[in-house]
Amino acid sequence: MATQTILEVRDLTVELATRDGISPVIDGLSFEVGAGETLALVGESGCGKSMTALAVMGLVPHPIGRIAGGEIRFGSEDLVAVGEDRLRDIRGNDISMIFQEPMTSLNPVYSVGEQIAEVLRRHQGLNHKQARQHAVELLHAVGIPDAAARVSTYPHQMSGGQRQRVMIAMALACKPKILIADEPTTALDVTVQAQIFDLLRVLQRETGTAIVLITHDMGAVCELAERMMVMYAGRKVEEGTVDDVIANPRHPYTQGLISCVPHVTDDPSAERAPLVEISGIVPALRDFGADQCLFAARCRQVVARCAAERPVSNDFGSGHRVACWQAEVAS
Amino acid sequence: MEKVVIDEKPVEAARGPIAEVAGMFVKSHAAVVALVVLLLIVLAAIFGPAMYQIDPFEMVWAPFSPPGEEGFLLGTDYLGRDIMAGLLYGARVSLAIGLAAALMSVCIGITIGALAGYYRGWVEEVLMRFTEFFQVLPTLLFSMVIVALFGASLEVVTIAIGVVSWTAVARITRAEFLRIRELEYVMASRASGAGNFKLMVAVILPNAFPPIIVQAALMVGSAILFEAGLSFLGLSDPNVVSWGQIIGSNRPYILDASYTVTIPGVAIFVTVLAISLVGDGLNDALNPKLRQR
């Protein structure tokens, strides 16, 4: 990879205490994020995408979850090892996050300007007046009309799209090196989704922030990301540039994910293959961490080896890595 | 800077939560009337003694002169002291003790409830058992013991009332914290660098305020009643007049000169009723289910 790596996750394991015992909801996960790039984390609900984001932020829910192993290198530091004080300085400043639900992610008792200004005061040491001034500029930058007046409105007076813009303004206020966007558009209208993607792209170009986009929307991946990582049951199954993975998916799970998305741009009169769903369901939490391929039960190309050995990740050129025993023949 | 297309929503006038609540409050007529009555009582307590210059302890006239006769508006008590003067001075004491005791119990209750609801786990266990201990104490008896031990001064009476009445606030605060700490904006604040103290005080607490404010308003009323009860039993500062004390000292003559007991009784009744109605009005105004956007 040409760009400099700013976040490097090595063998990250996050355990969650459930009624059935302790399950590794993230199991030996490794990936890198380069400066200014957009990496998409893709997978079904419960595959560990959001937990990965929380682990990077140091926000794994305590005490039911804990980081059991591995390291998260950010610059010269290991975020797993640094203390809570240092993490608080990093959060919102060097790494920030936007959430899925813009309707509930803003505090209803403060005006949006105060909420943005608060982040600036906390991390940049601005005084009240400077912070408010800067908040107006940020609102303007995320495309809120009449920003000088809107700065003192309250979240309930805004639409979902506008609130997500405010969240983006807050997240980018301190020009972070990494922005984690956890399904930023899932709760929004399709037209608004496109606007938010445009906004993220424009702001990324201006600030050079790397984006980790968590989504299950293949359209969003193609739209925004350069590289993608497909996760299944807490493990990485496939990783590579979006072009490579979409055009030539090697893992049966990735193939399934792609084939269940309809292609709107196809000629409507053309003969179309029926959409294929991936049969079966995600394994139960208690089965996570087993030394086998966890997708084997749903896989059409399953062989004996899949149930006996955990697949290792192989590189198929230009960073296209796949963890599947059948990857050679799969494509 | 490149401009991005906007999803429009008409700009309304920026109205803060306080303006919105005030707007809801004035819709309830009973609450508005009660608020006016309460303000009059407060004004009378503040300015009354200066305007009505009669010492409530001085024997100004013959005992038991009924209201309206001989120039004394509300008559005189068994020692010939002016009841009107007693009411005005007593309003200060009753309101001050009511407010101070309510404030104190709100402070204790919020601290304990917030810590319990935020940290959960063993902190919650310990603090809630502690709260339950205070809940099951017979409140009047316990405060009587405190006053008997430390002497009947205004401060001790205030503390005695505050110490026995914070449990409701603690339980409400804890319940609100338990609910709010799971909301997404708390996680979002944490993700932008807020620490535990900031999350508790600046993020969760302001959102937990509505039910706490209502409880606090109602508590001012009950603290006034409590103070009246203590002074009726003679457990109040003998050097200051309060409404309960007037009732208590005239108690033996209740059949011969009932007005000496009735007048301060009505004052307590009206004040506590007004506070309750204001509290109910606040409850309606702050209750998100009743508020229409």
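Visitor: Where do I start with the overall build of chain A in this structure?
Guide: The number of helices and strands found in chain A is twelve helices and twelve strands. A globule of 331 residues ought to have a C-alpha radius of gyration of about 20 Å, and chain A, at 21 Å, matches this closely. Each principal axis of the C-alpha distribution contributes one length, and for chain A these read about 65 × 55 × 40 Å. Out of the 331 residues belonging to chain A, those deemed buried represent 53%. A separation threshold of at least 6 residues defines the contact pool for chain A, and within that pool the share at least 24 residues apart is 62%. Accessible surface for chain A amounts to roughly 14100 Å². Of this, 51% is attributable to carbon and sulfur atoms. Side chains of chain A give 30 positive and 41 negative charges; the mean places of these two sets differ by 4 Å.

Visitor: In this structure, what is going on with the pattern of salt bridges? I would like to understand it.
Guide: Residue and element names in this part refer to chain A. Counted by the stated rule, this structure contains 31 salt bridges over all chains. The closest approach of N and O atoms between Arg-321 and Asp-315, which form a salt bridge, is 3.8 Å. We classify Arg-321 as partly exposed; its relative accessible area is 30%. A network of salt bridges, in which partner residues are shared, links Asp-27, Arg-235, Asp-291 and Arg-310.

Visitor: Looking at this model, I keep getting lost on the packing of aromatic side chains. Mind explaining?
Guide: The relation between two aromatic rings is expressed through the spacing of the ring centres and the mutual angle of the planes. Under the definition given, this model contains nine aromatic pairs over all chains. Measuring from ring centre to ring centre gives 5.1 Å for Tyr-232 of chain A and Phe-295 of chain A, while their planes differ by 80°; the resulting arrangement is edge-to-face. One end of the pair, Tyr-232 of chain A, is in strand β9 (residues 227-232); the other, Phe-295 of chain A, is in the loop between α10 (252-259) and α11 (304-308), and 63 residues separate them in sequence. Each ring, one from Tyr-118 of chain B and one from Tyr-119 of chain B, has its centre 5.1 Å from the other, and the planes form 85°; the classification is edge-to-face. Overall, Tyr-118 of chain B belongs to the buried group, its relative accessible area being 6%.

Visitor: What is the right way to read helix α5 (residues 139-150) of chain B from this model?
Guide: Residues separated by three or four positions in an α-helix point in the same direction, a consequence of the helix having 3.6 residues per turn. All names here are of chain B. An ideal rise of 1.5 Å per residue puts 16 Å on twelve residues; α5 measures up with 17 Å between its terminal C-alpha atoms. Burial in α5 covers these residues: Ser-143, Ile-146 and Val-147. The buried residues of α5 occupy one face: seen down the axis, they fall within an arc of 95°. The exposed set on the far side of α5, more than 90 degrees from its buried face, consists of Leu-141, Ala-148 and Leu-149. On its buried side, α5 packs onto α6 (154-164) and α9 (196-232).

Visitor: Please explain the sheet that holds strand β4 (residues 65-74) of chain A as it appears in this structure.
Guide: Either a parallel or an antiparallel arrangement is found when strands of a sheet pair, and the pairing is made through backbone hydrogen bonds. Residue and element names in this part refer to chain A. Here four strands make up an open sheet; going across it, the order is β2-β1-β4-β5 and the pairing antiparallel. Both outer strands of the open sheet, β2 (21-34) and β5 (77-78), are each paired with one neighbouring strand and no more. In the sheet, strand β1 (residues 5-18) pairs with β2 via ten bridges, with the strands oriented antiparallel. Paired with Glu-15 across the bridge in β2 is Pro-24.

Visitor: Teacher, can you tell me more about unusual backbone geometry here?
Guide: Note on backbone geometry: most residues besides glycine have negative phi, and most peptide bonds are trans. Backbone geometry at Asp-146 of chain A places phi at a positive 55°, although glycine is not the residue there. Take Asp-146 of chain A: it is sitting in the loop between α4 (128-141) and α5 (147-150). When its relative accessible area of 49% is taken as the criterion, Asp-146 of chain A is described as partly exposed. In this structure, Arg-120 of chain B takes a positive phi of about 55° despite not being glycine. Tracing the chain through its elements places Arg-120 of chain B in the loop between α3 (83-119) and α4 (121-136). Its relative accessible area of 35% is what places Arg-120 of chain B among the partly exposed residues.

Visitor: In this structure, what is going on with the pairing of strand β7 (residues 178-182) of chain A? I would like to understand it.
Guide: Residues in a regular strand point their side chains to alternate faces of the sheet. Residues and elements named next belong to chain A. With five of its five residues buried, β7 lies for the most part within the structure. Because side chains alternate across β7, one face comprises the buried residues Ile-178, Ile-180 and Asp-182, and the other comprises Leu-179 and Ala-181, equally buried. Sheet topology places strand β6 (residues 95-98) next to β7; four bridges connect them, and they run parallel. Residue Ser-96 lies in a different strand from β7, and its bridge partner there is Leu-179. With five bridges joining them, β7 and strand β8 (residues 210-215) adopt parallel strand pairing. Looking at the pairing, Asp-182 lines up with Ile-214 of β8. Between β7 and its parallel partner β8, the chain crosses via helix α7 (residues 190-207), and the hand of that crossover is right-handed.

Calculation notes
- Residues numbered from 1 in each chain as written.
- Chains lettered and ligands numbered in written order.
- Predicted model: local features only at pLDDT ≥ 70, side-chain atom pairs only at ≥ 80, totals over all residues.
- Heavy atoms only, no water.
- Helix = DSSP H or I, 4+ residues; strand = E, 2+ residues; numbered from the N terminus.
- Rg over C-alpha atoms; globule rule 2.2 N^0.38 Å.
- Buried < 20%, exposed > 50% of the residue type's maximum accessible area, 1.4 Å probe, protein only.
- Contact = heavy atoms within 4.5 Å.
- Areas by Shrake-Rupley, 256 points an atom, 1.4 Å probe, with all protein chains shown as cover.
- Lys, Arg positive; Asp, Glu negative; His and termini not counted.
- Charge placed at Lys NZ, Arg CZ, Asp CG, Glu CD.
- Salt bridge = Lys/Arg side-chain N within 4 Å of Asp/Glu carboxyl O.
- Phe/Tyr/Trp six-rings, centres within 6.5 Å; stacked < 30°, edge-to-face > 60°.
- Expected span 1.5 Å × (residues − 1).
- Arc of directions from axis to C-beta.
- Pairing = 2+ DSSP bridges.
- Right-handed = clockwise from strand over helix to strand, strands pointing away.

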